[in-house]
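# Structural characterization, general
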Amino acid sequence: MTAETEAETGVASDEAVVLFDGVCNLCNGLVSFLIRRDSDRRLQFAALQSDAGQELLTRHGLPTEGFDSVVLVEEGQLYTKSDAALRVAELLGWPYRAARVGRCIPRGLRDSLYDIVADNRYEWFGRKDQCMVPHEDVSDRFL
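Residues numbered from 1 in each chain as written. Predicted model: local features only at pLDDT ≥ 70, side-chain atom pairs only at ≥ 80, totals over all residues. Heavy atoms only, no water.

Here the focus is helix H2 (residues 25-37). The end-to-end C-alpha distance of H2, which contains 13 residues, comes to 19 Å, matching closely the 18 Å that a straight helix rising 1.5 Å per residue would cover. Looking only at H2, the buried set comprises Leu26, Cys27, Asn28, Val31, Leu34 and Ile35. Where the residues of H2 are buried, they touch strand S1 (16-20), strand S2 (43-47), helix H4 (81-92) and helix H5 (107-125). (Helix = DSSP H or I, 4+ residues; strand = E, 2+ residues; numbered from the N terminus. Expected span 1.5 Å × (residues − 1). Buried < 20%, exposed > 50% of the residue type's maximum accessible area, 1.4 Å probe, protein only. Contact = heavy atoms within 4.5 Å.)

This is the structure:
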């Protein structure tokens, strides 16, 4: 990531950024879960709908509407769907790193299961009218 890109998005090249659907209750719950367990503060977060989220999606050639995947941008590498979920678990360390055994399951099957949850997340878990606003104590982790 260039210095110009970093200035635009607020993301340093060595940071891992989780892009999530900011109006999805499931996604917001997962972000809260990650914040509590990321004691090394390796992860930063941005709603897909935010300016920073939109910039990162555009920069990596992903659609900026119709969100159906969590996205992880780490050191210029992009992970989506089940690959993103597994990589985030690895970044959390033990015991979450054990989720890497999920890579033994073919990506097509993993992503099909991911898609079922993604397609039904609003119906099953609900949605907010607007993106979440982070608490002051963790606001520095949001772009």
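The subject of this paragraph is the environment of Val23. Within the fold, Val23 resides in the loop between S1 and H2. Taking C-alpha positions, Val23 is 8.8 Å from Gly126, a pair spaced 103 residues apart along the chain.

Before going further, it helps to examine unusual backbone geometry. Of note, the bond from Trp94 into Pro95 is cis; its omega dihedral lies within 30 degrees of zero at 5°. Position of Pro95 relative to the elements: it lies in the loop between H4 and H5. Its identity as a non-glycine residue notwithstanding, Lys81 has a phi of 50°, on the positive side. As for its position among the elements, Lys81 is in helix H4.

The next thing to look at is the packing of aromatic side chains. On inspection of all chains with the given rule, the structure shows 3 aromatic pairs. Look at Phe20 and Phe142: their rings are 6.4 Å apart centre to centre, the planes differ by 80°, and that puts the pair in the edge-to-face class. Of the two residues, Phe20 sits in strand S1 while Phe142 sits in the segment after H5, which places them 122 residues apart along the sequence. Owing to a relative accessible area of 15%, Phe142 belongs among the buried residues under this scheme. With a centroid separation of 5.5 Å and an interplanar angle of 35°, the aromatic rings of Phe45 and Phe142 are classed as tilted. Linking Phe45 in strand S2 with Phe142 in the segment after H5, this pair joins segments that are 97 residues apart in sequence. Accessibility expressed as a relative area gives 0% for Phe45, which makes it buried. Three or more aromatic residues joined by ring pairs make a cluster, and in this case those are Phe20, Phe45 and Phe142. Over the face of the ring belonging to Tyr122 we find Arg121, whose NZ or CZ atom lies 4.5 Å from the ring centre. One Lys or Arg, Arg127, reaches over the ring of Tyr122 and ends 4.4 Å from the middle of that ring. (Phe/Tyr/Trp six-rings, centres within 6.5 Å; stacked < 30°, edge-to-face > 60°. Lys NZ or Arg CZ within 6 Å of the ring centre and 35° of its normal.)

These figures capture arrangement, not role.
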